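# A look at the structure
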Amino acid sequence: MDPHRVGAAVGIDLGTTFSVVAVCRKGKVEVLANDDGSRITPSVVAFFQGESYVGQAAEEVEAPATNRVFDAKRLIGRPWSDEHIHKDKKLWPFDVIEVNGTPRIEVNVSAKKRETFAPEEISAMVLKNLKKTAEDALGQTVTKAVITVPAYFNERQRQATKAAGAIAGLEVVGMINEPTAAAIAYGLDNGSSTKKTVFIYDLGGGTFDVSVMVIQGSEFRVVASGGDTHLGGQDFDARLLNHCLQDIKKKRGLDLLATKDKQSIRELRRACELAKRKLSSIAEVTLNAPLTRHDWLYNTRITRALFQDLCADLFTRTITLTEQVLTESKLQRGAIDEVVLVGGSTRIPKVRALLAAFFGGKELRHSVNPDEAVASGAAVRAAVLMGDTQANRLVKLKDVTPLSLGINTLGGVFSVLIPKNSPLPFKKTQSYSTTVDYQEQCGSKVFQGERPLSKDNYCLNKEFWVDVPSKPAGEVSVDITFAINVDGLLTVTCVEPTTGRSQKVQISQKEAHLSDADIRAMIEKAKRYQREDDDALREVQERLRAQRFF
């Protein structure tokens, strides 16, 4: 690779369980294979004997379960108070602790050293691995990328993802919602100039997204989006895992949760994931989990019907969200021309059956690779943003806001300036009057969500205040402007018109819990865990490959 030759911007699908990198050159998309020859990379990082391992190497290295980190996407940008974190951490083998109101991952990087990592750092290690995959495939240095995010990610989660890119040495030139990226891949694969209204159903490893889009030739317009940032294959695994934990307790009197036997839980989780995958093609499987600490091979029969019963409410929730987004689009089911499946969890037969029934038996489209579609669409978007004229002819994108944005007003009422599903970019100015006699400042906090009261929505930890003339209530007003760009990043401006006093705020790394100093420190730490010699890396990978055959 020539380090002085800068390559094309890449598209990256940073997934909960797997990640993918692709590039678009001369109007053609190529999904890039890693050193193992696979085009999907596990979003896993392991620490062993002072070194870090990413992807398949992290899955196979003989590190303790407590040193193998996954699901970083379920932590990134979330506050410690998020109830999902406390539910998930019961089944994670690694330790998650609180640092200044945010979750941090604590692992033994060696026998004598314990370190703490932000979720952004773990995601950055995965991104750095994908960056290397792209550089090896292209023979060029890769410094720019478009990274995909769930449509329902809030501002803080988006900015935290962008910070992860910076830690990995990538300039994130854009972000794109995952179902939108998938729609681009589908539209290009379909190659029709006929106007179509398409429903994108994206059920991945950790997140669920749906979007209604209108596609006509190169025009891609998002009508409505929705989803759940905590619903996917990992939740199905957890249902099966809990079932097996109860079965083990009943059969052997072993309470793996109460004893915090993280190694055994990790072994059981992997067996559950494998069983889930098999149940997509056969009606019954034997789940085998070697619980090495107990010198016992646990096995049980799992039927597809049992798995469906365990996950029934989760499957139904995807249909509830589907109906909700369709309602927001103001379209009837019959107006949908195509229903497109994206994400590995759409291989589950019950998921397909429920969705087909909801759309009156309509044939579901799975012509695009469900694992690669999102990265492919991101690669096209990256090429467009870098000025690729061929890509620009292929795609003209119009996206929407996934959540409403606004401020807290008198009585704790949430005042919306940018409604959900507003087209991007979007800008709105609204006047607000003082509510207290002779107040000397006027301002508010920024919130995101769909509830009528601010306290029930998500505070973005950003507020603004300007000095105002001291007059009776209602005689002074300020103009508040919300402007959101094509990447969904927000700028808020507050102006007192008679004096011209103003304040402008943006959602930055600080609101994502990361300062510039934090990012620089994390970049330095990331360097410590990057093997300096590529030959040494290849040696490790060769050893791991050899171990697979014994």
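Here, every reference points to the structure presented above.
These remarks concern the structure in this document. Along each chain, residues carry numbers from 1 onward, in the same order as the chain's sequence is written. Note on the predicted model: pLDDT of at least 70 is required for a residue's local features to be given, and 80 or more for side-chain atom pairs to be given and counted; whole-chain, interface and lining totals, by contrast, use all residues. For side-chain calculations, the full set of non-hydrogen atoms in the structure is used, while hydrogens and water are omitted.

### Side note on the pairing of strand β24 (residues 413–418)
DSSP calls a pair of strands paired once it identifies at least 2 bridges connecting them. Here a helix means four or more residues in a row that DSSP labels H or I, a strand means two or more in a row labelled E, and each is numbered from the N terminus. Bridging between strand β23 (residues 405–409) and β24 involves 5 bridges; their strand directions are antiparallel. Bridge assignment links Asn-408 to a residue of β24, and that residue is Phe-414. The loop that links β23 with its antiparallel partner β24 comprises 3 residues; one of these, Gly-411, has a positive phi angle of about 80°.

### Section: the sheet that holds strand β26 (residues 441–448)
Paired through backbone hydrogen bonds, the strands of a sheet run either parallel or antiparallel to each other. In spatial order, the strands read β24-β23-β26-β27; together these 4 strands make up an open sheet with antiparallel pairing. With partners counted over all chains shown, the strands left at the sheet margins are β24 and β27 (458–467), one partner each. In this sheet, neighbouring strand axes are inclined to one another by 30° on average, regardless of whether the strands run parallel or antiparallel. Note that β23 and β26 share 3 bridges and pair antiparallel. To get an axis, fit a line to the C-alpha atoms, keeping to the stretch in contact for a helix; angles then go from 0 to 180 degrees between the N-to-C directions.

### Description of the pattern of salt bridges
Here, a salt bridge means any Lys or Arg side-chain nitrogen found within 4 Å of an Asp or Glu carboxyl oxygen. Evaluation of the coordinates by the stated rule reveals 28 salt bridges. Between Asp-95 and Arg-114 there is a salt bridge, with the nearest N and O atoms lying 2.6 Å from each other. Of this pair, Asp-95 sits in strand β9 (residues 95–99) while Arg-114 sits in strand β11 (residues 113–117), and the two are 19 residues apart along the sequence. Note that Glu-323 and Arg-333 form a salt bridge whose closest N and O atoms lie 3.5 Å from each other.

### Observations regarding helix α10 (residues 349–358)
Side chains of residues three or four places apart in an α-helix project in the same direction, reflecting 3.6 residues per turn. Accessible area is worked out with a 1.4 Å probe on protein chains only. A residue is then buried under 20% of its type maximum, exposed over 50%, and partly exposed in between. Buried within α10 we find Val-351, Leu-355, Ala-356 and Phe-358. Around the axis of α10, the buried residues are gathered within 160° of arc, so they sit on the same side. The inward-facing, buried residues of α10 contact β15 (196–203), α9 (312–328), β20 (338–342) and β21 (364–365). Each C-beta atom gives one direction from the helix axis, and the arc is the one those directions make. Should any heavy atoms of two residues lie within 4.5 Å, those residues are considered in contact.

### A look at the pairing of strand β29 (residues 490–495)
Burial runs high along β29: 5 of the 6 residues are buried. Bridge analysis of strand β28 (residues 477–484) against β29 gives 6 bridges, and the strand direction is antiparallel. Bridge assignment links Ala-483 to a residue of β29, and that residue is Thr-491. Between the antiparallel neighbours β28 and β29 lie 5 residues, among them Gly-488 with a positive phi of about 85°. Direction of pairing for β29 relative to strand β30 (residues 502–506): antiparallel, over a ladder of 5 bridges. When the sheet's bridge partners are listed, Cys-494 is paired in β30 with Gln-503.

### Structural notes on the nonpolar core
Among soluble globular proteins, nonpolar side chains are generally buried collectively. Nonpolar cores were defined as sets of buried Ala, Val, Leu, Ile, Met, Phe, Trp, Tyr and Cys residues, with membership established by side-chain atoms within 4.5 Å. In this structure, Phe-199, Tyr-201, Leu-268, Leu-287 and Tyr-298 are the most contacted members of the largest nonpolar core, which totals 51 residues. The element contributing the most residues to this core is helix α6 (residues 233–252), with 7 residues. Among the domains, domain 2 (192–229 + 314–366) and domain 3 (233–309) are the pair contributing at least three residues each to this core. Beyond its immediate sequence surroundings of up to four residues, Leu-268 is in contact with Leu-241, Cys-244, Leu-245, Ile-248, Leu-287, Ala-289 and Tyr-298. Grouped together as the second largest cluster of nonpolar side chains are 50 residues, Ile-12, Val-61, Leu-138 and Ala-160 included. Start and end positions for the domains come from either an automated domain assignment or a database one.

### A look at the side chain of Ser-211
By the element assignment, Ser-211 lies in strand β16 (residues 208–216). With relative accessibility at 0%, the residue Ser-211 sits in the buried group. Within the local environment of Ser-211, its side chain forms a polar contact with the side chain of Ser-225, the two groups lying 2.6 Å apart. Setting aside residues no more than four positions away along its own chain, Ser-211 makes contact with Pro-179, Val-198, Phe-199, Ile-200, Ala-224 and Ser-225. Polar contacts, as counted here, are pairs of nitrogen or oxygen atoms within 3.5 Å of one another; within protein the pair requires one atom able to donate a hydrogen and one able to accept it, and residues that are adjacent in sequence qualify only if both atoms are side-chain atoms.

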